[in-house]
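# A structural walkthrough
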Amino acid sequence: MKAMDVDAVRAFLLAADLHSFTRAADVLGTTQSAISIKLRRLEEQLGRRLLERTPRHVRLSAEGLAFLGVARELVSSHDRAAAAFETEQRRLAIGINQLLVGSELPYLLRQMRDHDPNLLVEMRIAGTNELLQSQERGELDAVLVLRPEDRGKRGKIAFAETFSWFAAAGWQPRAGQPLPLATQGESCRIRMEAVRALDRAGIEWREVFLGKGAAILGAAAVAGLAVAVLARRAAPPGAVDVSGLLSLPPIRSQDVMLYSNLSDRRTRDALRVLTLAFQ
């Protein structure tokens, strides 16, 4: 068998992780058709079908799943060998809004590690205003935040985040009592969206828990203390969407903005991988 094309194996990993040829092409700076050709040739070389394709989705076949681990090892070994004589370590300092990350953070970090194992990553999780100020001071290279009130700052929409109401499995509100809420406090835009929706629906509520970040609010929900409005991706294990069960009003989706000062291709590519992993 001829030596495998490492770029084709890398394309396979990205398509498998991102469930999309188009997103894999975005990361690699190429076209969807070029990715398809690379993967078809890799499958022909191996004599195995690695990915199942449908018009809307890409998923691993059983043979692709078996190949996944060794494919990661191959690409990682190649990248370490290619970087063996690099003397300059690149750094990416990124800030992410605290409502956007939860139990899936290890998955996001793995995407960055697999893409560039020699990149020094500094990550800060905080509120939108704090992160934007840190970027303005030069402490962060890029930030992913909910769209700020000040729309004068130039950035681009990375994706739209959906939010919903979460509580512990089997949790029920007490009869005749206001809906207990876990929130980030009055300055939080998601809290404002939530209570405005409840007021319009005529549902009484009261705050019983205050905390910062999806991890803390999710913990309060799983503990049975309250209902929390969380990004669906950030809801922890044990939290269930109770919107339909409790007839709670929908929460408007929120634009997530990317602000970046990066000019180096290597760090821009790593940032692109992280952003696509959110979608």
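Placed above this text is the structure.
A short tour of the structure in this document, coming up. All chains use their own residue numbering, which begins from 1 and follows the written sequence. For a predicted model such as this one, the threshold for reporting local features is a pLDDT of at least 70, and the threshold for listing and counting side-chain atom pairs is 80 or more; totals across whole chains, interfaces and linings nevertheless cover every residue. Side-chain measures were taken over the full set of non-hydrogen atoms in the model, leaving aside hydrogen atoms and water.

### Comments concerning the overall build of the protein chain
The way it works is that DSSP assigns letters per residue, a run of H or I at least four long becomes a helix, a run of E at least two long becomes a strand, and they are numbered from the N terminus. Across its full length, the protein chain carries 9 helices and 12 strands. Overall, the C-alpha framework of the protein chain stretches about 70 × 45 × 30 Å when taken along its three principal axes. Residues count as neighbours in contact if any of their non-hydrogen atoms are within 4.5 Å of one another. In the protein chain, once contacts between residues fewer than 6 apart in sequence are set aside, the share between residues at least 24 apart is 76%. In short, Shrake-Rupley with a 1.4 Å probe defines the accessible areas, and a residue's cover is counted only from the protein chains shown. Counting every atom, the protein chain has about 14,400 Å² of accessible surface; 50% of that belongs to carbon and sulfur. Side-chain charges in the protein chain split into 38 positive and 32 negative, and the spacing between the mean points of these groups amounts to 3 Å. Positive charges are assigned to Lys and Arg, negative charges to Asp and Glu, while His and the chain termini are left out of the count. A single reference atom marks each charge: NZ on Lys, CZ on Arg, CG on Asp, CD on Glu.

### Describing the side chain of Arg191
Checked against the element boundaries, Arg191 lands in helix 7 (residues 189-201). When near neighbours in sequence (up to four residues on either side) are disregarded, Arg191 contacts Thr183, Gly185, Glu186, Trp205 and Glu207.

### A look at helix 1 (residues 6-18)
Expected helix span is given by 1.5 Å per residue-to-residue step, counting one fewer step than there are residues. The terminal C-alpha atoms of helix 1, which comprises 13 residues, lie 18 Å apart, in line with the 18 Å expected from a rise of 1.5 Å per residue. Counting buried positions along helix 1 yields 12 of 13 residues, so the element is predominantly enclosed. Within helix 1, burial applies to Val6, Ala8, Val9, Arg10, Ala11, Phe12, Leu13, Leu14, Ala15, Ala16, Asp17 and Leu18. Any N or O atom pair separated by 3.5 Å or less is treated as a polar contact, with the protein-specific requirement of one donor-capable and one acceptor-capable atom, and with residues adjacent in sequence counted only for side-chain atom pairs. Its side-chain oxygen 2.9 Å from the backbone nitrogen of Asp7, Asp5 forms the N-cap of helix 1. Just downstream of helix 1 lies His19, where phi reads positive at about 55°. Residue burial is assigned from relative accessible area. The probe radius is 1.4 Å, only protein chains are included, and a residue is buried under 20% of its type maximum, exposed over 50%, and partly exposed in between.

### Re the sheet that holds strand 5 (residues 142-146)
Here the rule is simple: two strands pair whenever DSSP picks up at least two bridges between them. With mixed pairing, the 5 strands of this open sheet are ordered in space as 4-3-5-12-6. Only two strands of the sheet have a single partner each, and these edge strands are strand 4 (120-126) and strand 6 (156-161). Strand after strand, the sheet turns through a mean of 20° between neighbouring axes, direction not considered. For helices, the fitted line uses only the C-alpha atoms of the stretch in contact; every axis is such a line through C-alpha atoms, and the angle between N-to-C directions lies from 0 to 180 degrees.

### Overview of the sheet that holds strand 7 (residues 163-168)
One open sheet holds the 5 strands; their spatial order is 9-8-10-7-11, and the pairing between them is mixed. Single-partner strands in this sheet number two, and they are strand 9 (205-210) and strand 11 (239-241). Averaged over all adjacent pairs, the angle separating strand axes in this sheet is 45°, with direction ignored. Against the sheet, helix 7 engages strand 7, strand 8 (179-183), strand 9 and strand 10 (227-231), with an angle of about 155° to strand 9. Here helix 8 (residues 214-222) sits on the sheet and contacts strand 7, strand 8, strand 9, strand 10 and strand 11; the angle it forms with strand 10, its principal contact strand, is near 140°.

### Overview of the pattern of salt bridges
Here a salt bridge means any side-chain nitrogen of Lys or Arg lying within 4 Å of a carboxyl oxygen belonging to Asp or Glu. Counted by the stated rule, this structure contains 15 salt bridges. The residue Arg147 makes a salt bridge to Asp255 at a minimum N-O spacing of 3.0 Å. In this pair, Arg147 sits in the loop between strand 5 and strand 6 while Asp255 sits in strand 12 (residues 254-260), placing the two residues 108 residues apart along the sequence. Relative accessible area serves as the criterion here: at 27%, Asp255 is assigned to the partly exposed category.

### Considerations on the environment of Ser103
Relative to the helices and strands, Ser103 resides in the loop between strand 3 (91-97) and helix 5 (105-115). When its relative accessible area of 41% is taken as the criterion, Ser103 is described as partly exposed. Residues Ser103 and Ala11 lie 92 residues apart in sequence; the distance between their C-alpha atoms is 26 Å. Apart from residues lying up to four places away in sequence, Ser103 is in contact with Ala234, Ala235, Pro236 and Pro237.

### Quick notes on the packing of aromatic side chains
Side-chain rings of Phe, Tyr and Trp, where Trp is taken by its six-membered ring, are said to pair if the distance between their centres is within 6.5 Å; with planes under 30 degrees apart they count as stacked, over 60 as edge-to-face, and otherwise as tilted. Considering all chains together, one arrives at 1 aromatic pair under this definition. Seen from their ring centres, Phe12 and Phe67 are 5.4 Å apart, and the 45° between their planes marks the pair as tilted. Highlighted residues: Phe12 in helix 1 and Phe67 in helix 4 (residues 62-82), separated in sequence by 55 residues. The class of Phe12 is buried, set by a relative accessible area of 0%.

### Here's the deal with the pairing of strand 8
Burial analysis of strand 8 places 5 of its 5 residues in the buried class, which makes it a mostly covered element. Side chains of strand 8 alternate between two faces, with Leu179, Leu181 and Thr183 and Pro180 and Ala182 buried alike. Inspection of the sheet shows strand 8 paired to strand 9 by 5 bridges, in the parallel sense. Following the sheet pairing, Leu181 is matched in strand 9 by Glu207.

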